[in-house]
Each structure stands twice: as structure tokens, then as C-alpha cells.
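Next come the chains, spelled out residue by residue.
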Amino acid sequence: MIAVTGLEVHYGALRLGPLDLRLDAGIVHLVGSNGTGKTSLLRAMAAAIPRSAGTVEVDGHDPERDATARGRIGFVPAAPELPGFLTVDEAWRMMADLRRRPDWDGTELRDAFDLPGAQRLDRASTGMRRKAEVVAALAGDPTVLLLDETLANIDVRGREVLCEWLDRHRGDRAVILTHHGASPVRPDAVVTLG
Amino acid sequence: MPLTGSKHKGPRPRTTHVILLLSRALVPTAISRTMPGALALLFAISQVSAMVDFPGVAVQVQAAPIGARAVLAGALALLGGLGSIGTYRVLLYGPRAGFAWRMPVGDAALAGAFGTALLIPAVPTGVCALLLGPIPALAVMLLAAMVGAAGAARSPWALVFAGLAATATGPWAVLSALAGVALLGPLGRALRDGRPLGQPAVRTAWLRRGPVLALVQRDVLGLWRTWPATVAGLAVVPGVLAWLVQGALHRTWPPSAISTGSVLIVGAFGLLPAATLGAVAKVERGAQLARGLPVSPGERVMALLGTALLPLGPVVAGILVAGTANGPLGAVRVATVALVLASLAAAALLGRTTQRHREDLVSHGIAASVFVTLVAAISPWATPPLLALSAGAATLAVRRAG
């Protein structure tokens, strides 16, 4: 599903790569000390920052050039990026629309996370906002999930919901997650940076 | 102590005492916040009165059809109330008002007790409403104060009060004012619920129609939830102005020149598209054009154009309602200028944000807008080159968005 070849990211003082990675399905736990480039790597894979060299392909398409390929990536950044003036429901509806899946319904997942749909993101707690970003990232069923420190700040019940979801979909999704310490969900592979 | 509206224990203080207490606390604040605007209004009136026969205009307004007077009264109350929401929020939720919420009085009494101070920011509205006559002016002022208070509480009752103000013309003004006073209870409840701690739930229907509309909705919601009064004003004022100016042109200009007049009116609002996109960039802190969004460059630019064109919608509507756009060709010229302004704004914004993350307006976008307005006003033959300019700007924007 996602193939990274010779990827280099030069971002500020960071010089990352060249790096190769191929993941058809399963969960990869990306580990490394602070500043080793985990976040930059995920952001480059999600086309959120430009890469300096190499290629990234999602189902054979470059997400930097192809909007459809970007739509197949669900990215939950470490710091919230969805506009704070949106409500929880508006956030996932917007992402489903952007991924051309306006029929996608996130209410079940939202309820499982115990999120109020009318809650404005900028008035939500850190954990609630993180859960809202997860629901928005999953909107439209992207095949690749990039989770950057997503499980931090999420309550126990929320972690259980997310881990159950990841476990259930490990056969049909490519998931790369960063998390300091032991992965809360059993990884199929561990990649260490730095 | 929980705030439970009219459910309270203990002796109820006399409402007159509450009014006196609140007046002592709030009236100075109301005066100091209202004074600059009121003085500016007085100055403007003194200047304009040298050129315009106000009593004559008042006679004309009062002789206008009932629908026109109703629209004027309603618009005055809505604009006056929404325009001074900032003052109302300070009055209602500022440190000097804090003790008021703990007073064990009923909802209607609470709203009434605030009345003395709340009426002061509505005085300029009342002065403008004198065109409708003294009694309607008082009714409109009272209802504008209620619109402002309800608006500060983010309550939909603001629209009810504006609707009531629309009926405050002629002999019904007294009845409208009485109906407004009878609704003090819901207003008081809205004030209690709308306190900053209350955080009323936000419910908006999300139209699910694909990526372009999703981005436009996001931008509009951001503007509406950040600057509701400004957005409400933009939805009304430019359209009414365009309608009035177009009507005046129709009476004074030859029919052959009316189409050029329409173009000039649209061009006069040339800064709105660039200002709107700049405001959206500020609200969304650069995330507006985030690289990772799963949309194509074309969709990105279409969404920007949609957002940029929105503030020109009321202007074009005002011209069309005036019925003087000079046929289909005139309508095409008006639409072309609007499209050019939006395209240039989008291209300028993308040019700026792709180079560095700046949230302010775009100077060359402003200059280009003025230039386009001048060119468009010169001749009807400018329409094809303008369309080409619009296409060029849009293409440039698509390239930058990619």
C-alpha cells in the first residue's frame, strides 16, 4: 500500500535518510529518541512537508502530486491541525467530503470515543481533540494510517477503542505509528530511527 | 451558588434597586464605549446635513411603501445591535457586570435591569431611525438594544427582535415595542445561558457535496464564528448600498451608461475578495492551504474563488434587484468584474503564501483590483480582455496551488 524508496528529508537542522520502507498491511511501530526525525518522516510521507529526495507511493501514486493518493492517507499529527472553529462532527464530515466519500458515517466511531458531535474543537480538552482528529483521519476509510504520538493524551477507554480498531484492521490497512515506550497495540514490525 | 434563573430562595430585592446598582456600575462603561461612535455619527450627520435636506428625506422615507420602511427598520435594528456586540459583551460579561448574575431576580427583571445601560449603545441607531419618525425611532432603538444583547449571548432571539423591529413603522411602533418588552424573559434566559461559562452548543447543517464545497463551508464557518457581526454586516450592507446607488445612477445617468455604473459599483467593492481571503488565512492560521489536504490544485483554487466571490454576491444581487444592469450583456460585465477580482485575490494569496506564511493582505492584489476596476469602467469592450485576465489569474493560481 505504501512504498518509500530512498526518501530523504532535510528540514531545518534535520538530515534524515535515505530511507526505504514498504508496507502492504500491518502495523509498524516507529521508534527513536526526540529529534531523530519520526515526525518529519511521517509528515513527508503524508506530503505535509516537501521531501528532499526519493519517492513515496501509495497504491502506486505519489501523494505529493496526486490528490487521490493523499486521500488514501489518514494522518494524525502530533499537534492538532484541524481548524478549531469546527465541531467534532463537522471535522470528520469535512475530511470525508475531501476524500470524496460524503456517504461515510463517523457517528459510531465518535460515539465509541464518547465524543459530543457539537463540541467545538478549540473548546475541547487535549484528549478530546486528539480523538476528534483520529475520527477525522479515519473518515473515508484511508488505506494508510500515519499516527504521530496519537495515543498520548487519550484516555484509557479511547486507547482501547483505537487499539481494537487497529487490531481489527491490521490485515487491510498499513499503519505506521510513533509512540514513546512499548506500543499499546502489538506491532508487526519495529523500525528504529537514529 | 448555582445560577438557576428565576428559581431562587430568600427575599427578592426590588427591581428598582437592582436597576440602580447596575446603572451605577454599567452606565459609565456604556457611555465611554459608545461615545466615540456617537460623536463620529454626529459629525457625519452635521456634514451630510449641509448637503442633504434631512427633514425632506424623512418625509420621503415616511411616505415610502410599508415594505421599504419595514426593511429599513429591521436592517437598522440588526446592524445597530450586531455592530455594537463588542460593547454589549463588555457590559454583560465584563468584570463590572459579574455581580449581576448572582442577583436573585427573575429572567425578565434581569434583562430589564440591564436595560438602562444597554440602551446607551443603541442611541446612534435611534438617531438614524429618526428618519422613520420619533416613536418608531424609540421602538427601533429599544429593539436594537435587545438584538445586541441577544447577539452578545449568541442567541437566535436576536433575529426575532430584528424581525419585531421590522414591524416598528407607523402606528404599530408602540405595539412592536410592547411585544419586545414582553419578550424580556427569553432575553434574560439567553443572557444567563450565554455567559462565557455556558458555551452554548454549536449546531450547523453540513452540506455534503464534495471537496470544493467542503473547503468553502470550512472558510465560511471560520469567518462566521470568528467575526459574526462583520459577516452579518457584509451580508446586508453592500447589497443595500449597491441597490441604492444603482437606483440613483438610473435616475441620473443615461441608460447607455448604466452598465458601466454597475461595473463601477462592483469594482468599488473590489477589496472584499482579497480581504475575505486574507481574513480566512488569519482565522485558519495558514492551514487554509495545507499541502497535505487531499484536493487537487484546481479544486483548491475553485474553493478559494468560491469564498472570494461570496462577499460580492450581495452587491451583484443588489444591482440585479434594482433591475438596471442593462440586460444580459450588462450582467455578463458585472459577473466578469466579480470573477476577475476573485481570481486576482486567489492568485495573490497563493503567491504570498507559497513563498512564506503570511496572514495579512496582499498589496499587489489590492493594486490589481483597483486597476481592473478602472479598466473595466472605461469601455464595454474591456469585457473579453478581462475574462482573459481572469482566466490567466486563475491558471496562475492553479499552478501556485500545485
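Anything mentioned here points back to the structure above.
First things first, this report covers the structure right here in the doc. What you are looking at is a predicted structure, and each value in this text was computed from that prediction instead of being measured.

Reading the values: the criteria
Residues numbered from 1 in each chain as written. Chains lettered and ligands numbered in written order. Predicted model: local features only at pLDDT ≥ 70, side-chain atom pairs only at ≥ 80, totals over all residues. Heavy atoms only, no water. Pairing = 2+ DSSP bridges. Helix = DSSP H or I, 4+ residues; strand = E, 2+ residues; numbered from the N terminus. Axes fitted to C-alpha atoms, helices over the stretch in contact; angles between N-to-C directions. Contact = heavy atoms within 4.5 Å. Salt bridge = Lys/Arg side-chain N within 4 Å of Asp/Glu carboxyl O. Buried < 20%, exposed > 50% of the residue type's maximum accessible area, 1.4 Å probe, protein only. Patch = residues over 30% accessible without salt bridge, like charges linked within 9 Å, V, L, I, M, F, W, Y side chains within 5 Å. Areas by Shrake-Rupley, 256 points an atom, 1.4 Å probe, with all protein chains shown as cover. Buried area = accessible area lost by both parts, 1.4 Å probe. Polar contact = N/O pair within 3.5 Å; in protein donor to acceptor, adjacent residues only side chain to side chain. Nonpolar A, V, L, I, M, F, W, Y, C, P; charged D, E, K, R; others polar. Phe/Tyr/Trp six-rings, centres within 6.5 Å; stacked < 30°, edge-to-face > 60°.

Brief notes about the sheet that holds strand S5 (residues 73-76) of chain A
Residue and element names in this part refer to chain A.
Then step 1. Across the sheet, 5 strands lie side by side as S5-S6-S7-S3-S8; this open sheet has parallel pairing. Sheet topology places S5 and strand S8 (189-192) at the edges, where each strand pairs with a single neighbour. On average, each strand axis in the sheet is tilted by 15° relative to the strand beside it, whichever way the strands run.
Then step 2. Helix H5 (residues 126-138) contacts S5 and strand S6 (144-148) of the sheet and is inclined by roughly 170° relative to S5.
Then step 3. Relative to the sheet, helix H6 (residues 156-168) contacts strand S3 (26-31), S6 and strand S7 (174-178), its axis offset from that of S6 by approximately 150°.

Digging into the pattern of salt bridges
Residues and elements named next belong to chain A.
Then step 1. As enumerated under the stated definition, the model contains 22 salt bridges over all chains in all.
Then step 2. A salt bridge links Asp 111 to Arg 110; the nearest nitrogen and oxygen atoms lie 2.9 Å apart.
Then step 3. Looking at Asp 111, the relative accessible area reads 46%, which means it is partly exposed.
Then step 4. Note that Arg 170 is salt-bridged to Asp 188, the shortest N-O span being 3.0 Å. Taken as a pair, Arg 170 in the loop between H6 and S7 and Asp 188 in the loop between S7 and S8 lie far apart in primary sequence, 18 residues in all.
Then step 5. The network of salt bridges with common partners includes Arg 101, Asp 103, Asp 141, Asp 172 and Arg 173.

Side note on a nonpolar patch on the surface
Residue and element names in this part refer to chain B.
Then step 1. A contiguous nonpolar surface patch, about 610 Å² in accessible area, is contributed by Ile 66, Ile 135, Trp 172, Val 174, Leu 175 and Leu 178.
Then step 2. A total of 3 residues in the nonpolar patch trace back to one element, the largest contributor, which is helix H9 (residues 173-182).
Then step 3. By the element assignment, Leu 178 lies in helix H9.
Then step 4. Classification of Leu 178 as exposed rests on a relative accessible area of 52%.

Some thoughts on the sheet that holds strand S1 (residues 2-11) of chain A
Residues and elements named next belong to chain A.
Then step 1. The 3 strands are arranged S2-S1-S4 in an open sheet whose pairing can be described as antiparallel. Each of the sheet's edge strands pairs with one partner strand only, and the pair in question is strand S2 (14-23) and strand S4 (53-58). Averaged over all pairs of adjacent strands, the angle between their axes in this sheet comes to 25°, without regard to strand direction.
Then step 2. With 5 bridges connecting them, S1 and S4 associate as antiparallel partners. Bridging from a neighbouring strand, Val 4 pairs with Val 56 of S4.
Then step 3. Sitting on the sheet, helix H1 (residues 38-45) touches S1, S2 and S4, and the angle it makes with S1 is about 120°.

Some thoughts on the interface of chain A and chain B
Interfaces are often described in size by the accessible area the parts lose on coming together.
Then step 1. With 30 residues of chain A at the interface, the matching set in chain B holds 29 residues.
Then step 2. Here chain A packs against chain B, burying approximately 2,400 Å² in sum over the two surfaces, 57% of which is carbon and sulfur.
Then step 3. Contact with chain B buries area across many residues of chain A, yet Phe85(A), Asp97(A) and Leu98(A) alone supply 27% of it, more than any other trio.
Then step 4. On inspection of chain A and its partner chain B, the count reaches 3 salt bridges.
Then step 5. With a closest N to O distance of 2.8 Å, Glu90(A) and Arg225(B) form a salt bridge.
Then step 6. At the junction of chain A with chain B, the criterion picks out 8 residue pairs in polar contact (both at pLDDT 80 or more).
Then step 7. At the level of elements, helix H2 (67-71) and helix H3 (88-98) of chain A are the ones that each hand at least two residues to the side of chain A that touches chain B.
Then step 8. Element by element, the count of residues in the side of chain A that touches chain B is highest for H3(A), at 8 residues.
Then step 9. Class assignment of the residues belonging to the side of chain A that touches chain B gives a composition of 17 nonpolar, 2 polar and 11 charged.

Details of the packing of aromatic side chains
All names here are of chain A.
Then step 1. One pass over the structure, following the stated rule, counts 2 aromatic pairs over all chains.
Then step 2. Aromatic side chains Trp 92 and Trp 104 sit 5.8 Å apart centroid to centroid with 75° between the ring planes, which places their arrangement in the edge-to-face category. Taken as a pair, Trp 92 in helix H3 and Trp 104 in the loop between H3 and helix H4 (107-112) lie far apart in primary sequence, 12 residues in all.

Points about the pairing of S1(A)
Consecutive side chains of a regular strand alternate in pointing toward one face of the sheet and then the other.
Residue and element names in this part refer to chain A.
Then step 1. The pairing of S1 with S2 spans 7 bridges and is classified as antiparallel. Residue pairing across strands places Leu 7 opposite Leu 19, the latter belonging to S2.
Then step 2. Counted along the chain from S1 to the antiparallel partner S2, the turn is 2 residues long, and its residue Gly 12 has a positive phi close to 65°.

Overview of the pairing of S7(A)
Residues and elements named next belong to chain A.
Then step 1. The element S7 is largely enclosed, with a buried count of 5 among its 5 residues.
Then step 2. The alternating pattern of S7 places Ala 174, Ile 176 and Thr 178 on one face and Val 175 and Leu 177 on the opposite face, and all of these are buried.
Then step 3. Two elements, S3 and S7, share 5 bridges in a ladder whose sense is parallel. From the neighbouring strand, Leu 30 faces S7, where its bridge partner is Thr 178.
Then step 4. Here S6 pairs with S7 via 5 bridges, running parallel. Across the sheet, Leu 146 pairs through a bridge with Ile 176, a residue of S7.

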